Amino acid sequence: MNGFAILFLPVIFLFGWNAGFAQNIHGTVTDSTGKAVAYANISLKNSSNLIIAYQGSNEKGQFLLPVPEGVDPKSLFVEASCIGFKTQTKPFIGFGPAYQFKLSVANNQLKTVTVRDNRPGLKTSGDTLSYKVSDFSSPQDRVIGDVIRKLPGIDVDDNGKIKYNGKAISNLYIGGDNLLDDKYNIATRSIPHGVVDQVQVMENHQPIKMLKNKVVSDDVALNLTFKKDTKLRLVGQETLGLGLPDKYYADLNAMAFKDQYKAINYLKANNYSLDLQQDLVSHNLSDYLKRLDNNKPDAILTLGTVGDPDLPRNRYLFNQSALLNLNNLVHLKQDVQLKVNLYELHDAQRQYYQKRTEVYLPQDTVRYSESQQNKLRPDLLHSQFTLNVNKEKYYLNNALVLDYNHQSSYSNFVANTSPVNQVLKNNPLDFSNEFNLMQILKFNHILEIYSYINRFAEPETRTIEPNFNNAVFNEGKLYSQLVQTVNVPSWFTNNYLSYKVPGEKITQGYKAGFTLQSQQLQSALNVVQNNQTVRAFADSSANQTHWLRKRIYAEASYDLPGDKLKASVNLPVSLQQIDYSDSLYHFNQSLTRLFFNPKISVTYKIATEKTINLNCNLRNEFGNIQDVYRGYILTNYRSLQANNANLTERQNSTFILNYSQRKAIVIFFFSVNASYNHITSNNIASSLINKNFQQLVLLPYKNSIDSWTLNANTSKYIFVLHTTISGGFLLQSNRSNQIQNNILLPYNTVLNNFTASTETKFSNQLNASYKVNYSRTKSSSSAAIPNTIVRQALQEAAVNYSPKNNLLFNFSGNYYLTIQNQNNHLKYFFADAFARYKFNKIRTDLELNFNNIFNIKQYSAVYLSANNYSFSSYQLPGRMMLLKATFTL
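The paragraphs below set out a description of the structure included in this document. Along every chain, residues carry numbers that run from 1 in the direction the sequence is written. Where totals are concerned, whole chains, interfaces and linings use all residues; where local detail is concerned, this predicted model gives features only for residues with pLDDT of at least 70, and gives and counts side-chain atom pairs only at 80 or more. Side-chain calculation: all heavy atoms of the structure are included, whereas hydrogens and water are not.

**Details of the pattern of salt bridges**
Here, a salt bridge means any Lys or Arg side-chain nitrogen found within 4 Å of an Asp or Glu carboxyl oxygen. Inspection of the entire model under this criterion finds 28 salt bridges. Two residues, Lys262 and Asp177, come together in a salt bridge whose shortest N-O distance is 2.8 Å. One end of the pair, Lys262, is in strand 18 (residues 261-270); the other, Asp177, is in the loop between strand 13 (171-174) and helix 4 (185-188), with 85 residues separating them in the sequence. A 1.4 Å probe rolled over the protein chains alone gives each residue an accessible area, and that area as a share of the maximum for its type sets the label: buried under 20%, exposed over 50%, partly exposed in between. We classify Lys262 as buried; its relative accessible area is 2%. Secondary structure elements are taken from DSSP: a helix is a run of H or I of four residues or more, a strand is a run of E of two residues or more, and numbering for both begins at the N terminus.

See below:
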């Protein structure tokens with residue numbers, strides 16, 4: 001059937017085409033004022049008052065009534081009736097003239113009563129919970145992430161990671177489509193909240209159609225549904241801004257959320273301390289690589305030892321950023337998708353900080369200080385092409401990914417009064433292809449073929465100049481440069497066949513496959529003399545370590561996908577062999593182990609909205625190539641690292657018990673989680689520390705780490721107060737051991753954390769929020785080291801006032817308090833404000849922003865880990881102002 005026939009079918013139907021009808025009568029129905037009466041009943045009756053035919057009027061009061069063949073027209077009359085109006089009849093006068101009915105109000109008409117319920121509500125359907133966005137949005141919200149942060153039962157951290165009732169989500173879908181994988185900050189920071197109809201939470205989410213109700217999944221995912229008019233047009237908000245001192249801002253985007261095509265494409269640029277790299281965070285990358293058993297080598301070299309302050313990045317970031325991000329998904333046909341994700345990021349960041357560190361030892365306290373001015377220039381390029389076929393009986397997914405990062409970093413610093421310059425360059429290249437095919441065979445059995453291949457390399461070069469620590473590196477003589485180079489090129493592949501047998505109650509799965517990893521760690525530490533001659537720092541300052549890891553594995557899995565009881569048991573067995581060698585140090589070692597890594601997950605639904613979940617996991621694993629190199633590597637300017645032990649072997653036991661509850665009808669959420677983690681290892685870290693330098697090696701002694709965690713979260717919407725209240729606590733204890741300056745030091749670090757927040761809508765014009773976060777960290781040791789306690793509190797508050805529909809004022813503040821033993825307390829108050837005015841006719845708004853109103857340019861923070869106490873001071877950008885204009889498509 002061609003397109004024109006499809007287009008005109010409804011028209012033909014509406015005009016009563018039917019072989020059993022001859023002609024039509026038509027007309028209109030209005031009230032006494034001439035206003036159209038919609039949905040009036042039009043009846044064609046005979047003299048016996050029997051209905052021959054009937055029809056209803058449309059929204060314009062018009063009707064078209066088909067008249068059956070063979071009816072005597074002399075006995076017919078036409079009647080119009082509607083609730084609240086008097087019935088009116090007219091004699092049948094033929095098919096040509098229009099019948100005009102003017103109905104008068106009935107005497108017994110009830111007065112119109114309009115009932116409005118502005119209370120927010122949640123809808124449940126099976127494992128899906130739906131939030132109506134309009135119920136929780138406020139005038140100050142601009143993107144959907146602003147609304148998601150306020151939803152009861154949902155928590156969003158500073159990096160944008162989303163948790164539902166204490167559990168991290170696996171994905172965020174755009175109109176049911178996987179456009180972004182787990183880089184969902186792209187969506188939450190770009191999609192206007194006004195185009196989103198609902199935020200849906202999908203528990204026990206199984207994204208592969210053929211595995212639904214066959215293979216148990218405890219994943220939680222979000223899905224955004226869109227308003228009908230949004231699916232028919234291009235969506236976008238185009239923003240440009242200028243400010244002081246010398247600030248600029250741009251966000252130009254174009255988005256589409258059609259059923260057959262999804263797109264989020266934008267260009268962003270700013271020097272207003274907004275970190276565009278946060279858009280690109282892959283929230284579940286570490287879990288994904290762990291499932292693949294692909295432990296990519298981490299970057300080995302760094303500029304220094306300081307970390308980021310415990311502040312939002314827009315408080316301390318000095319940047320000049322630009323990001324082009326293109327994400328497009330098209331349905332080639334039903335259940336067949338092609339997806340392309342591309343981005344390029346260019347950034348120039350600056351850091352200014354000072355740090356004072358104290359390392360507490362039984363007979364001494366080592367103190368050192370440093371001051372750094374860093375320039376970081378990352379250039380990231382990412383491309384991903386994905387073909388996905390997701391049918392009831394067939395599944396195919398192929399993802400081709402290429403990442404390249406050209407990064408240069410520069411540092412001018414003073415370490416214990418000695419000025420030093422550093423240049424660090426690293427250029428990681430990462431290529432992978434993942435292929436997954438599933439096919440339903442006879443008897444509903446499922447065959448799966450999987451193949452993954454990855455190539456990774458990250459050449460690193462750091463140059464330090466001049467004369468840095470010449471007593472250690474050049475026999476006390478002056479020199480020009482100290483050059484450290486490292487590269488760990490790596491190949492990895494994982495391949496398996498799987499066969500699943502779904503049954504009435506249990507799905508059996510059997511898998512067999514192999515992995516192969518080949519790496520080579522190449523490094524050299526050289527001293528460039530003033531006459532430009534080059535010599536090695538020492539005979540033990542180079543590495544040519546070869547690594548080959550082979551694994552053959554088989555796995556049996558059993559899934560019980562019941563309604564009340566869900567269980568999953570995985571019983572993998574693997575035979576691993578690792579060969580590593582280095583001709584420079586004349587060692588060649590081989591290690592073979594048979595590992596059994598069982599995993600059990602049980603979920604029991606106590607009641608409709610109450611569940612309890614138990615997870616137990618035993619994981620035996622080897623270390624990596626960075627545990628076995630023998631030659632020294634200068635990882636940062638004050639840390640020289642090597643290894644003097646066999647390959648690390650770990651056994652990791654994890655037990656997690658979770659209880660979660662919700663009451664959707666009263667908008668209440670609660671979860672409590674208890675976990676225990678025990679790690680045993682055959683190696684222990686040993687360090688020699690003085691005020692200028694630190695040497696770190698791995699020694700062959702047994703070691704263990706124990707961690708206990710108990711945390712709970714709750715959230716409730718109080719209807720009478722139009723308020724969402726949330727709270728939570730965390731209790732964590734970690735026991736570990738270190739060897740420092742040849743002394744074995746056991747440590748126990750205990751963390752207590754409490755949070756509480758409220759979000760209140762006083763009226764359509766006024767709303768406010770408040771949040772408090774308190775933490776207490778205590779580190780103690782059975783050795784003769786004094787206990788160290790640090791207490792920190794953060795309070796955040798915001799008030800939004802909208803005197804008119806097109807005018808909004810916002811004021812917010814953050815108060816930081818740090819309490820230290822025998823040290824001065826640290827107190828900081830940051831305040832921000834903005835005003836927004838909308839020009840509704842031209843769909844444009846102007847927004848004037850003030851950040852850091854009190855012009856705080858210095859921030860200090862303390863950090864505590866085991867016996868390591870540090871006091872860091874950071875330079876901040878200070879007061880900023882920005883005027884932005886936003887046009888909405």
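From this point, the discussion proceeds with the structure in view.
**Regarding the pairing of strand 5 (residues 77-81)**
Here strand 5 lies mainly inside the structure; four of its five residues are buried. Criterion used throughout: strands pair if DSSP finds at least two bridges between them. Pairing of strand 2 (residues 41-45) with strand 5, which is carried by five bridges, proceeds in the antiparallel orientation. Within strand 5, the residue paired with Leu44 across the bridge is Val78. When strand 5 meets strand 6 (residues 88-91), the two strands line up antiparallel, connected through four bridges. The residue bridging Ala80 from the neighbouring strand is Gln88, located in strand 6. Adjacent in sequence and paired antiparallel, strand 5 and strand 6 are bridged by six residues, among which Gly84 carries a positive phi angle near 95 degrees.

**Things to note about the packing of aromatic side chains**
Classification of ring pairs uses Phe, Tyr and Trp, with its six-membered ring standing for Trp, and accepts pairs whose centres are within 6.5 Å; under 30 degrees between planes counts as stacked, over 60 as edge-to-face, and the remaining range as tilted. By the definition in use, this model includes 26 aromatic pairs. With a centroid separation of 5.8 Å and 80 degrees between ring planes, the pair formed by Tyr164 and Phe669 is classed as edge-to-face. A residue pair is termed long-range when its members are at least 10 positions apart, and Tyr164 in strand 11 (residues 162-164) and Phe669 in strand 39 (residues 668-681) qualify at 505 residues. In this structure Tyr164 comes out as buried when scored by relative accessible area, which is 3%. Pairwise contacts between aromatic rings join Tyr131, Phe136, Tyr717 and Phe719 into one cluster. We call a charge positioned over a ring when the NZ of a Lys or the CZ of an Arg lies within 6 Å of the ring centre and within 35 degrees of the ring normal. The ring of Tyr266 carries Lys268 above its face, with NZ or CZ at 4.5 Å from the centroid. A cation sits over an aromatic face here: Lys511 above Tyr496, 4.4 Å from the ring centre.

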